[in-house]
Amino acid sequence: IRHGETEPDKQNPERKLTSRGIMQMEKCSHQLVELVDRSNTVILTTSTARTLQSSAILSKKLNLPIYHKLFKLSLGQIHPLNRMLGENNNERNLFKFYCSLNDKGELPVGIVGSKSLIDCFLNIVTKFKTYKDLIFVGHGGVLDVIIKYQNRFDLKKRFKGIMKYGDYVVLK
């Protein structure tokens, strides 16, 4: 699940959800009610304010525990790609540019490649294998890369493009 919409200050890593972002997470929790076994599910989240806030909404609505600060899924220092894109810098172009460089093995130093990111993701899945369902709450770019490059799970919810705030996919 991508966290809900946040305040517009992209320079603030601890920005909070907007009222729209809160509604997105509430809507997402209603959709998940039928998809997860709530007796055997856990929410895993990164430790930023926006993912913690999104996870708290899901946890309250679904009555699920949250584990945070146990893992770090990150693309690393993505800022060089932003600068390389210049005026064309937006989420969709950034994702395409990352994929292009990743596929050619030309990612700048400090940016995590898809193989390392998928290995980290699978290690997390393994650590929590006693649960029937895992809900990951994270950031768009990281989730987009995992969805595109992972090949261990079937993608049960069709997904096109990049994840928007409050979007989710189901991997089985």
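Our subject is the structure that appears above.
Now for a quick tour of the structure. (Residues numbered from 1 in each chain as written. Predicted model: local features only at pLDDT ≥ 70, side-chain atom pairs only at ≥ 80, totals over all residues. Heavy atoms only, no water.)

Some points on the sheet that holds strand E2 (residues 66-68)
Read across the open sheet, the 3 strands follow the order E2-E1-E3; overall the sheet is parallel. Looking at which strands have only one partner, the edges of the open sheet turn out to be E2 and strand E3 (133-137). When the angles between neighbouring strand axes are averaged without regard to direction, this sheet yields 25°. Taken strand by strand, helix H2 (residues 49-62) contacts strand E1 (41-45), E2 and E3, and its axis lies near 165° from that of E1. (Pairing = 2+ DSSP bridges. Helix = DSSP H or I, 4+ residues; strand = E, 2+ residues; numbered from the N terminus. Axes fitted to C-alpha atoms, helices over the stretch in contact; angles between N-to-C directions. Contact = heavy atoms within 4.5 Å.)

Let's talk about H2
Between its first and last C-alpha atoms H2 spans 20 Å; for 14 residues at 1.5 Å apiece the expected length is 20 Å, and the two agree. Of the positions making up H2, those classed as buried are Ala49, Arg50, Thr51, Ser54, Ser55, Ile57, Leu58, Ser59 and Leu62. Next to the buried residues of H2 lie helix H1 (19-32), E1, E2 and E3. Residue Asn63 follows H2 closely and has a positive phi angle near 55°. (Expected span 1.5 Å × (residues − 1). Buried < 20%, exposed > 50% of the residue type's maximum accessible area, 1.4 Å probe, protein only.)

Some details on the nonpolar core
Core analysis: the largest hydrophobic core is formed by 26 residues, its most contacted members being Leu73 and Tyr98. If you list the elements that add at least two residues to this core, you get E1, helix H3 (79-85), helix H4 (91-104), helix H5 (114-127) and helix H6 (140-149). Among the elements that make up this core, the one with the highest residue count is H5 (6 residues). In this view, Tyr98 contacts Leu75, Ile78, Leu81, Leu107, Ile111, Val112, Gly113, Ser114, Val145 and Tyr149; residues no more than four positions away in its chain are not counted. Counting 15 residues, the second-largest nonpolar core is a separate cluster that includes Ile1, Leu17, Ile43 and Leu64. (Core = buried A, V, L, I, M, F, W, Y, C linked by side-chain atoms within 4.5 Å.)

Brief notes about the packing of aromatic side chains
We describe a pair of aromatic rings using the distance from one ring centre to the other and the angle between the two ring planes. Throughout the structure, instances matching the rule amount to 3 aromatic pairs. Aromatic side chains Phe121 and Phe136 sit 5.0 Å apart centroid to centroid with 45° between the ring planes, which places their arrangement in the tilted category. A residue pair is termed long-range when its members are at least 10 positions apart, and Phe121 in helix H5 and Phe136 in strand E3 qualify at 15 residues. Of the two residues examined, Phe121 and Phe136, each falls in the buried class. Aromatic pair Phe128 and Tyr131: ring centres 6.3 Å apart, planes at 35°, arrangement tilted. For Phe128, a relative accessible area of 9% corresponds to the buried category. Three or more aromatic residues joined by ring pairs form one cluster here, namely Tyr67, Phe128 and Tyr131. We note Arg2 situated over the ring of Tyr165; from NZ or CZ to the ring centre the distance is 4.3 Å. (Phe/Tyr/Trp six-rings, centres within 6.5 Å; stacked < 30°, edge-to-face > 60°. Lys NZ or Arg CZ within 6 Å of the ring centre and 35° of its normal.)

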